[in-house]
Each structure stands twice: as structure tokens, then as C-alpha cells.
Amino acid sequence: MEQPRALFISKIGIILATAGSAVGLGNIWRFPYETGQNGGAAFIFIYLICILFLGIPAMLCELLIGRNARANATRAYGKGTWRLVGYVGVFTGFIIMGFYCVVAGWTMQYVYAAIVGQMHGDTTYFQQYFTEFSTHPYRPVVWLILFMLLTHFVIINGVQKGIERASKILMPVLFLLLLLLMTCSLSLPDAWKGVEFLLKPDFSSVTGETFLDAIGQTFFSLSTGMAALCTYASYFGNHVNLTKSAFQVAAIDTLVAILSGLVIFPAAFSVGVSPDAGPSLIFITLPNVFEQAFSMVPGVGYVVSILFFLLLALAALTSVISMHETPTAFVSEEFHVERKKAAWIVTILAIIMGTLCSLSLGAVPSLKLIGKSLFDFFDFLSANVLLTLGGLLTCIYVGWVMPRRQVFDQMTNWGTLSNRYYSHFILIAKYICPLGIFMIFLHQFGWI
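Predicted, not measured: the structure shown is a model, and the values here were computed from it.

Conventions and cut-offs
The numbering scheme is per chain: residues are counted from 1 as the chain's sequence reads. For this predicted model, a pLDDT threshold of at least 70 governs which residues receive local features, and a threshold of 80 or more governs which side-chain atom pairs are given and counted, while totals over whole chains, interfaces and linings are taken from all residues. Calculated side-chain values reflect all of the structure's heavy atoms, with hydrogen atoms and water omitted. Labels follow the DSSP assignment, with helices taken as runs of H or I lasting at least four residues and strands as runs of E lasting at least two, numbered in each case from the N terminus. The globule rule used here is 2.2 Å times the number of residues to the 0.38 power, and the radius of gyration it is set against is calculated over C-alpha atoms. Burial classes follow relative accessibility: with a 1.4 Å probe on protein chains only, a residue under 20% of its type's maximum area counts as buried, one over 50% as exposed, and anything between as partly exposed. Every residue pair with non-hydrogen atoms within 4.5 Å of one another is taken to be in contact. A 1.4 Å probe and the Shrake-Rupley method give the accessible areas. Residues count as covered only by the protein chains that appear here. Think of a patch as exposed residues, more than 30% relative accessible area, with no salt bridge, where like charges cluster within 9 Å and nonpolar side chains (Val, Leu, Ile, Met, Phe, Trp, Tyr) cluster within 5 Å. Any Lys or Arg side-chain nitrogen found within 4 Å of a carboxyl oxygen on Asp or Glu counts as a salt bridge. In what follows, a disulfide is any cysteine sulfur pair within 2.5 Å. To pair, rings of Phe, Tyr and Trp, with the six-membered ring standing in for Trp, must have centres within 6.5 Å; the planes then decide the type, stacked if under 30 degrees apart, edge-to-face if over 60, and tilted in the middle. Sitting over a ring, as applied to charges here, requires NZ of Lys or CZ of Arg to be within 6 Å of the ring centre and within 35 degrees of the ring normal.

### A closer look at the overall build of the protein chain
What the protein chain contains, in helices and strands, is 18 helices and two strands. Relative to a compact globule of 448 residues, whose C-alpha radius of gyration would be 22 Å, the protein chain shows 21 Å and is just as compact. With respect to the principal axes defined by its C-alpha atoms, the protein chain has extents near 65 × 50 × 45 Å. The buried share of the protein chain, reckoned over its 448 residues, is 60%. Counting contacts in the protein chain only where the partners sit at least 6 residues apart, residues at least 24 apart contribute 82% of the total. Surface accessibility of the protein chain: about 17600 Å² in total, with carbon and sulfur atoms responsible for 68%.

Take a look at the structure:
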């Protein structure tokens, strides 16, 4: 006999847990360099439009599928062929966790390195430091194991005492760290140049590429297409306003991204570093930026570095918790395995996969698929194919397959809430979201 399904018990817990699923390294790492490479505020303006007309509707699709089913992601899409969408989502979340925990381990190493005073030197030093650490045969593996065990501890404590309780602690701490770091950055000489870059639009730099990058960042940032939101929504009570929740989560997610920009760009402009440094921005460029920017006041750069990498580690943790919960719920419900055992199965498999991904970056270079390291292959497969495919099929399912009565009931809480957004949502889910996501898919393979 199956146990009654656990539910989140508070409104703030629902919002913070769901926002924690969305908020991650994509906000603090990917968003700033995408903004830097696409002209600053003009990109943010387009990004906000994409959030409103594509991101929130796509998120709402996952939320209403999850609560309607009250089950893990594979059961949420019903029977027959469409159930494969759920399997794709679970698989996508798992493989993302496999390489994401490697990067999460890096953030923990950098917290340690900042504490013991190793974050001193020029750009060449930080380049060498990152290369030596990331390609080391066992040091990154130790950190990713520690990170996964920390995630495991949250998961085994269940939905209310684990995920919800952790979210109520981690998300406020994350915001506090962001505000502290932003205050430090804004106090630097010439910080206003970074603020102007972030907030003053220059539409002359906008191209078709800018729009496609903004759409891609929208789905990457909100964690749509990997069944995490669908799984979390299965723990929502009938009183939860799904439309309002989607807007609130998107607002928190976007706020974190913009605040991250207000941490990074003022500091970068203060020392004359280009804001379009790309993926190396976090682990190579920024440690040097913080050291230079805060060198005038002894000890400040030391504290800022610790706080920044602690921020990254917390953001990674809130995301990986949701990635872990998705396959844990799947294993527990589909194979009738007790939750703690299911969590151990997922944790061990993720550690094995993460270890292989880490080793493929240098220690065992022969670990490759289609000419890419395992780390790069799984990154490419998930971001360029599976997330896009999952988001596309989810929107098509809601727009064209899911019974209209079920969609209406979920959006209006069985007729007790206003339905003024309902008709607009159906139009977006049927046509606009699938078209936007399909454009991303074509762009990622260089077909447009």
C-alpha cells in the first residue's frame, strides 16, 4: 500500500523551494557573462520580455502537470507515448546533476581556498590554479562527493523536514550574501560604470543572436524541461495559486540574476576588466578582480572572496536538491523502494557519473563521446538537446493534449480563482512557447 503523498506545508516554503530549484549557477555565472557578451541592459530588457511571454508560461505548464498528477514525472504525463516525456525529464535532470555536481565541488574548493588564503595572484596564477585543480585525478572528486552527501542529507529528510526546511534557510542566506556583496561592489571607484552598463540599454548592439541568447537563457535559468518543477508541484496543496507562484518564482529568479550583475559588473569595471569574459569569468577572472578591487582596504578582498564562492556553493546546492529529488521520487514510486534507499541509489549513481565527468577533464582524457570529454558531452546533450526537447514537448502536451478541463481546474483551483489569464495562457502554450523553443533548438545547431 502506497503512503500518502507528502506536501509542502507553507506558502513561503513552496515559493522558496521552487525558486531554489530555478536559482542556481545559471543566475550567478551564466547570466552575467551572457549579459556582458550581448550589450548589457538591452539584453536584460529582451530577457525580461522572454521571461514574461515564454519562461513563465513554460514554467506554469510544468507546475500544472505536476499538481494534476500528484506523482513523479513519468506518471505525470499519463499513459502511452507521452509518458516518455516524463522519462526524458528524469533522465535530463539526472545527467545534469552528474556534471553539475563537479562544478558545485569546484565552488566548495574555492570557498576552502579563499578561507586558507590561496586566492592571491594575477590572472596567470588563477588560470594555472583552476587548470591544475580541475584536472587533478582525485581532489575535485573528493569535493563533489562531499557536495552530493550534503545534498543527500537534505533529500533523505523528506519533503517537509528536508527540502522545505533547507529552502527556508538557504534562500534567505543566499539573498543576504548577494546584498552584502552588492554593497561592497557598489562602494568601489568607478562602480557606476558597471551599473550603467547593466541598466542603461544600448539597442544598437542588439542582433537576432541577442534574442535567441535571451530565449536560451530564459529556459536555462528557470530550469524548465528537466521535470524538477513538475516533481515539486506534485507536492503542492490544492490551495496553491499556480499562476501566482510561477510569477513569484520567475521574479525571484530574475532578481537574483540582476543582483549578481550588480555584484560582478561594478567590480569588473572598477579594475578595467571586460564584462564579456565568458565562462571563465567566475573561476579565473573574478578572483583576480576581487583582489585588485579591494586591495586598498586590508582584509576586505579576503572576506569578499569567501562570501562570493559561498554564494555560488549555496546556489548550486538549492538547484542540485531539486535535481536529486526528481529521480529519487521516480525510483521510490516506480520501483516501490523506500525513500531513503531510493535516495542512496541516486546519490551513488550521481557520484559515479560525476567522478567520470571530472576525470574526463584531464586525469583520464580518453573518457570521451563524439570527440568531447564526458563533462562537455553531457553539458552539450542536456543544454542543447534534452532541456530544449523537454520544454518543447511539455508545452505541446499542455497546449494540445492535456484535457482543457484539467488545465482550467489547475489554473483556477477548480473555479475558485479568476481565470482571466487562462485564454491567453492556452494561446501561448499552443503556439508561442513551442515556436520560441523550436527556434532555440534550430539556433543551437547553427540552422538559423
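So that's the structure; there's more coming.
### A look at a nonpolar patch on the surface
A contiguous nonpolar patch, built from Leu149, Trp344, Ile345, Ile348, Leu349, Ile352 and Leu356 and spanning about 610 Å² of accessible area, is present on the exposed surface. By the element assignment, Leu356 lies in helix 15 (residues 339-359). Under the relative-accessibility criterion, Leu356 is labelled partly exposed at 35%.

### Examining the state of the cysteines
Summed over the entire model, instances satisfying the criterion amount to zero disulfides. Free cysteine Cys357: the closest other cysteine sulfur is in Cys101, separated by 7.5 Å. With a relative accessible area of 0%, Cys357 lands in the buried category.

### Some details on the packing of aromatic side chains
Applying the stated criterion to the full structure yields 32 aromatic pairs. For the ring pair Phe31 and Phe43, a centre distance of 6.3 Å and an interplane angle of 50° mean the geometry is tilted. Of this pair, Phe31 sits in helix 2 (residues 25-37) while Phe43 sits in helix 3 (residues 41-69), and the two are 12 residues apart along the sequence. Side by side, Phe31 and Phe43 carry an identical accessibility label, which is buried. Seen in terms of ring centroids, Phe43 and Tyr47 are 6.3 Å apart; in terms of plane orientation they differ by 15°. Their pairing is stacked. A residue pair is termed a helical-turn pair when its members lie 3 or 4 positions apart in one helix, as Phe43 and Tyr47 do in helix 3 at four residues. Judged by its relative accessible area of 0%, Phe43 falls in the buried class. Exposure remark for Tyr47: the relative accessible area of 0% places this residue in the buried category. Among the aromatic residues, ring-to-ring pairing joins Phe99, Trp106, Tyr110, Tyr125, Phe126, Tyr129, Phe130, Phe283, Phe290, Phe308, Phe309 and Phe375 into one connected group. Stacked on the ring of Phe380, the Lys or Arg Lys372 has its end atom at 5.1 Å from the ring centre. Above the plane of the ring of Trp400 lies Lys430, whose end atom (NZ or CZ) is 4.2 Å from the centre.

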